[in-house]
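Report on the structure
This is what each chain is made of:
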Amino acid sequence: MISSSRPIARRRALAAAGAAAALALILAACGSSGDSSSMPGMDHGSKSPAPSSSTASPSMGDMPGMDHMASGNGLSDNKDGYRLTSKDTTLPSGKQAAYRFAVIGPDGKPVTDFALDQTKRMHFYAIRTDLTGFQHVHPTMAADGTWSADLSSLAAGSWRMFASLTPNSGTGKGKDFVLSRTVTVPGDTAKTPLPAPATSTQVDGYTVTVKGELMAGMAHPLTVSIAKDGKPVTDLEPYLDTYAHLTAFHEGDAAFAHLHPTTKVTGNHGGPGLSFHAELPTSGNWRLFLQFQTGGKLHTAALTLHVG
């Protein structure tokens, strides 16, 4: 009996040693792994799961020129709880009219506290959907938060009204918003073909030339030069805290983009060269509207730019 029991004892000892080794390996794995949930039954909520590959790798927003890709085109009347509201769905054709609206905050109340942006608390744009009509005005706000944008004569057709704003309080404090709604101007709504892409245009005797190879979703410099009678213009006056204001709208959907000036105002006479930070999110044709001031008069030049 003694001789037959020895193999059994040895087997039991080996089994016990194997179990102990397995338990040691499990405990070591639990103690060293940063993701306890990778082992069935070992997730006790004491450790956070390891970042997935999608969160560990840089996002598109971390890549130069790719932040703002998903938002900011202004084609919605609401964003992050802020809403552009208006009772005006039509405006008269061929005469001055006021478009009245309000910005409602996440708390359901009209927003009345706005930060200054290029010397104004609100920039308002009216653009015909075929991009052949454009107005940039600065509306006035009543005490109850109702804004009134005075527009000059509007041609018949469909128009989109953009409000560019920055709340100065609340959850959206310091954030830039562009919200829009559409209105109809009764009458002949025949669309006018968009002028072909070009690098220069003329307005009020001035020649405006644009240089820059733009690619969708990428930040690129854009330069603008202004001449008159073949001579460089050097008497540009400050307008909205810059020497020129530049906005762009995309053909087809009228998506909005504001091209930020990088040329600093250093006096009462600027030009002829101006620089802008251009980041247009979508390829295709964009209609650019450049506004500059000389002799106290505001000029608006328009040209079509193709973005690859």
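Residues numbered from 1 in each chain as written. Predicted model: local features only at pLDDT ≥ 70, side-chain atom pairs only at ≥ 80, totals over all residues. Heavy atoms only, no water.

What follows covers the overall build of the protein. From N to C terminus, the protein includes two helices and 18 strands. Looking at the protein as a whole, 36% of its 308 residues qualify as buried. Counting only contacts in the protein whose residues sit at least 6 apart along the sequence, the fraction spanning at least 24 positions is 62%. (Helix = DSSP H or I, 4+ residues; strand = E, 2+ residues; numbered from the N terminus. Buried < 20%, exposed > 50% of the residue type's maximum accessible area, 1.4 Å probe, protein only. Contact = heavy atoms within 4.5 Å.)

Before going further, it helps to examine the pattern of salt bridges. By the definition in use, this model includes two salt bridges. For Asp 77, the salt bridge goes to Arg 181, with nearest N and O atoms at 3.3 Å. Of this pair, Asp 77 sits in the loop between α2 (53-56) and β1 (78-79) while Arg 181 sits in strand β9 (residues 177-185), and the two are 104 residues apart along the sequence. Residue Asp 77 is classed as partly exposed on the basis of its relative accessible area of 28%. Judged by relative accessible area, Arg 181 falls into the partly exposed class, the value being 24%. (Salt bridge = Lys/Arg side-chain N within 4 Å of Asp/Glu carboxyl O.)

Our next topic: the sheet that holds strand β8 (residues 157-165). Here we have four strands laid out as an open sheet, ordered β5-β4-β8-β9, and antiparallel in their pairing. The strands lining the two open edges of the sheet, one partner per strand, are β5 (134-137) and β9. The mean inter-strand angle of the sheet, taken between neighbouring strand axes irrespective of direction, is 15°. Sheet analysis places strand β4 (residues 123-128) next to β8, joined by six bridges and oriented antiparallel. Residue Tyr 125 lies in a different strand from β8, and its bridge partner there is Phe 162. (Pairing = 2+ DSSP bridges. Axes fitted to C-alpha atoms, helices over the stretch in contact; angles between N-to-C directions.)

Below, the discussion takes up the sheet that holds β1. In a beta sheet, neighbouring strands pair by backbone hydrogen bonds and run either parallel or antiparallel. Pairing in this open sheet of five strands is antiparallel, and the strands run β1-β2-β3-β7-β6 from one edge to the other. Of all the strands in the sheet, the pair left with one neighbour each is β1 and β6 (140-141). Sheet topology note: the β6/strand β7 (residues 146-151) ladder contains two bridges and is antiparallel. The residue of β7 that forms the bridge with Thr 140 is Ser 148.

Of note, the bond from Gly 271 into Pro 272 is cis; its omega dihedral lies within 30 degrees of zero at 0°. Tracing the backbone shows Pro 272 in the loop between β15 (256-261) and β16 (273-278). At Thr 119, a position not held by glycine, the phi torsion is positive, near 75°. Positionally, Thr 119 belongs in the loop between β3 (97-104) and β4. You will see that Leu 131, though not glycine, has its phi angle at about 65°, which is positive. Take Leu 131: it is sitting in the loop between β4 and β5.

Its location among the elements puts Lys 79 in strand β1. Given a relative accessible area of 28%, Lys 79 falls into the partly exposed group. Residues Lys 79 and Phe 177, spaced 98 residues apart in sequence, show a C-alpha to C-alpha distance of 7.6 Å.

This part is about the nonpolar core. Ranked by internal contacts, the top residues of the largest apolar core, which has 29 residues, are Leu 222, Ile 226, Leu 259, Phe 276, Leu 290 and Phe 292. Listed by contribution, the elements that provide at least two residues to this core are β11 (206-211), β12 (220-228), β14 (245-250), β15, β16, β17 (284-294) and β18 (297-307). For Leu 290, the contacting residues outside a window of four places in its chain are Val 208, Val 224, Ile 226, Ala 244, His 245, Leu 246, Phe 276, His 299, Thr 300 and Ala 301. The next biggest cluster of nonpolar side chains, apart from the first, holds 25 residues, and it includes Ala 97, Val 111, Leu 154 and Met 161. (Core = buried A, V, L, I, M, F, W, Y, C linked by side-chain atoms within 4.5 Å.)

Glancing now at the environment of Thr 184. Residue position: Thr 184 is located in strand β9. Along the backbone, Thr 184 and Leu 91 are 93 residues apart, and their C-alpha atoms lie at a distance of 6.4 Å. Residue contacts for Thr 184: discarding those within four places in its chain leaves Thr 89, Thr 90, Leu 91 and Gly 157.

With that settled, the discussion passes to the packing of aromatic side chains. The final tally for this structure, using the stated rule, is 16 aromatic pairs. Summarising the aromatic geometry, the rings of Tyr 125 and Phe 134 are spaced 6.4 Å apart at their centres and angled 35° between planes, so their arrangement reads as tilted. Each ring, one from Tyr 206 and one from Phe 292, has its centre 5.4 Å from the other, and the planes form 80°; the classification is edge-to-face. Taken together, the residues span a long stretch of sequence, with Tyr 206 in strand β11 and Phe 292 in strand β17 at a distance of 86 residues. There is no split in this pair, since Tyr 206 and Phe 292 are both buried. An aromatic cluster is built from Tyr 125, Phe 134, Phe 162, Phe 249, Phe 256 and Phe 289, whose rings are joined through pairwise contacts. (Phe/Tyr/Trp six-rings, centres within 6.5 Å; stacked < 30°, edge-to-face > 60°.)

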